[in-house]
Amino acid sequence: MGDHAHDSSDFVTDKSAKIFVAGYRGLVGSAIVRKLQSLGFTNLVLRSHSELDLTRQSDVDSFFAAEKPRFVILAAAKVGGIHANNTYPADFIAINLQIQTNVIDSSFRHGVKKLLFLGSSCIYPKLAPQPIPENALLTGPLEPTNEWYAIAKIAGIKMCQAYRIQYGWDAISGMPTNLYGPNDNFHPENSHVLPALMRRFHEAKVNKAKQVVVWGTGSPLREFLHVDDLADAVVFLMDKYSGLEHLNVGSGKEVTIKDLAELVKEVVGFEGDLLWDTSKPDGTPRKLMDSSKLLGLGWTPKISLKDGLFDTYKWYVENVVEQ
């Protein structure tokens, strides 16, 4: 049970193994399904929320008893921005705890060989060292605005570790950095910085606006990973990693919000001016995850930010923009 025991390497060789991807319609789950299908996996078990409510313990148990998947990738979660977390804290802690507990426990009891639980970089303390190593977990207070979600995700990591310690069961956890790509949320009010910028530049282009105003100085540093790279890492972890510790999954590359905005502007093709409203707050000056442990196992991200933005913008124009 070492940190990277190689006892699970039949994952990529058995293309007929039954794999349950929980949350397959979201940003992360849909990318994982695309990746598995492209690799030739033929036995994916997929259920929408209306077909299987993961917060209902008896329904989840019946599903596992009937389907008996060999592998489980847990990408289902209730997610949202600061406003949603502040408004619905009970939903964020209860729904995520229910989903995780039901899926992890039923997976173990119904003979799943290996489970991967996916979390988020918000599990780390607000004032964690930068770049953030895995061992920063539980070393300080969380960001108050999303602690309800973070506490649930931390509990998921600990549950996977507890089942490994008590039962010797192969449950692992991966914590991705900021993600973007097809199926992202481009909602004008509650989307993250990258899709929000893309939407604003696109609408400015369509409306022939002279300028776009962005909050802050543009100096904060952020890290982004394309969801297809995350999906690639998920396959790598399922195949190669069976350790107790959760692993960070990031690109290891930082970009200022200013450079990001300029890049999105270029990709979208907005010809006007980009203005910075420096009277508005910047947010955290730097947020980067230390993914050296995963990189040390031999995984590397492959999609450059520019290529990933072109890919995402193409998807946005084809799927989100009102025709």
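In this text the structure is predicted, and so the values were computed from the model without any measurement. Position numbers for residues count from 1 along each chain, tracking the sequence in the order it is written. It should be noted that, the model being predicted, local features are given only for residues of pLDDT at least 70 and side-chain atom pairs only at 80 or more, the latter also being counted only at that level, while totals for whole chains, interfaces and linings use all residues. Based on all heavy atoms of the structure, the side-chain values leave hydrogens and waters out of the count.

Q: Residues and numbers for the nonpolar core, please.
A: Core analysis: the biggest nonpolar cluster contains 38 residues, and Phe 20, Leu 54, Phe 64, Leu 74, Val 103, Leu 115 and Tyr 124 have the highest contact counts within it. Every element with two or more residues in this core is listed here: β1 (19-22), α2 (57-67), β3 (71-74), α4 (89-109), β4 (114-118), α5 (147-167) and β5 (170-176). Per-element tally for this core: the top contributor is α5, with seven residues. Any two residues whose heavy atoms approach within 4.5 Å are treated as being in contact. Setting aside residues up to four positions removed in sequence, Leu 115 forms contacts with Val 72, Val 103, Ile 104, Ser 107, Cys 160, Trp 169, Asp 170, Ala 171 and Ile 172. For this analysis, a nonpolar core means a set of buried residues of the types Ala, Val, Leu, Ile, Met, Phe, Trp, Tyr and Cys, connected via side-chain atoms within 4.5 Å. Between buried and exposed lies partly exposed: a residue is buried under 20% and exposed over 50% of the maximum accessible area for its type, with that area taken using a 1.4 Å probe on protein chains only. The next biggest cluster of nonpolar side chains, apart from the first, holds 35 residues, and it includes Tyr 24, Val 28, Val 234 and Tyr 241. Secondary structure is summarised from DSSP: a helix means a run of H or I of at least four residues, a strand means a run of E of at least two, and numbering begins at the N terminus for each.

Q: Go over the sheet that holds strand β2 (residues 44-45) with me, naming the residues and quoting the values.
A: As summarised here, the arrangement of the six strands in space is β2-β1-β3-β4-β5-β9, forming an open sheet in which the pairing is parallel. If you trace the sheet from one side to the other, it starts and ends with β2 and β9 (247-249), each paired once. Note: two strands are recorded as paired if DSSP finds a minimum of 2 bridges between them. With four bridges joining them, β1 and β3 adopt parallel strand pairing. What sits directly across from Phe 20, in β3, is Val 72. Each axis is a line fitted through C-alpha atoms, taken for helices only over the stretch in contact, and angles between the N-to-C directions span 0 to 180 degrees. Along the sheet face, α4 touches β3 and β4 and points at about 170 degrees away from the line of β3.

Q: Hey, could you go over the packing of helix α8 (residues 257-268) against helix α10 (residues 305-319) for me, with residue numbers and the actual values?
A: With their axes 10 Å apart at the nearest point, α8 and α10 run at an angle of 50 degrees to one another. Here α8 is positioned oblique relative to α10, judged by the angle of their axes. For α8 against α10, the interelement crossing comes out right-handed. The residues of α10 that touch α8, namely those facing Leu 260, Leu 263, Val 264, Glu 266, Val 267 and Val 268, are Leu 305, Lys 306, Leu 309, Phe 310 and Tyr 313. Its residues placed into classes, the contact of α8 with α10 shows nine nonpolar, no polar and two charged. When an angle is under 35 degrees it counts as roughly parallel; over 145 it counts as roughly antiparallel; between 65 and 115 it counts as roughly perpendicular; any other value is oblique. By definition, turning the near helix anticlockwise from the far helix through less than a right angle yields a left-handed crossing, and turning it clockwise yields a right-handed one. Just so you know the grouping, Ala, Val, Leu, Ile, Met, Phe, Trp, Tyr, Cys and Pro go in nonpolar, Asp, Glu, Lys and Arg go in charged, and all remaining residues, Gly too, go in polar.

Q: For the state of the cysteines, give the residues involved together with the corresponding values.
A: We call a pair of cysteine sulfur atoms a disulfide when they lie within 2.5 Å. With the rule as written, the count across this model stands at zero disulfides. Free cysteine Cys 122: the closest other cysteine sulfur is in Cys 160, separated by 16 Å.

Q: Talk me through the UniProt feature "domain: NAD-dependent epimerase/dehydratase" (unreviewed entry) in the protein; I want residue IDs and the actual numbers.
A: The sites that UniProt annotates as "domain: NAD-dependent epimerase/dehydratase" (unreviewed entry) are residues 19-250. Secondary structure within residues 19-250 divides into 43% helix and 17% strand; the distance between the first and last C-alpha atoms comes to 24 Å. UniProt positions are given in the numbering used here, feature names are shortened, and annotations may be inferred rather than shown by experiment.

Q: Outline unusual backbone geometry, supporting the account with residue identities and numerical values.
A: The omega torsion of the bond from Gln 130 to Pro 131 falls at -5 degrees, within 30 degrees of zero and hence cis. Summarising the element assignment, Pro 131 is placed in the loop between β4 and α5. A positive phi is found at Lys 208, a non-glycine position, where the angle reads about 55 degrees. Within the element layout of this structure, Lys 208 appears in the loop between α6 (193-206) and β7 (211-215). Assessed through its relative accessible area of 71%, Lys 208 is described here as exposed.

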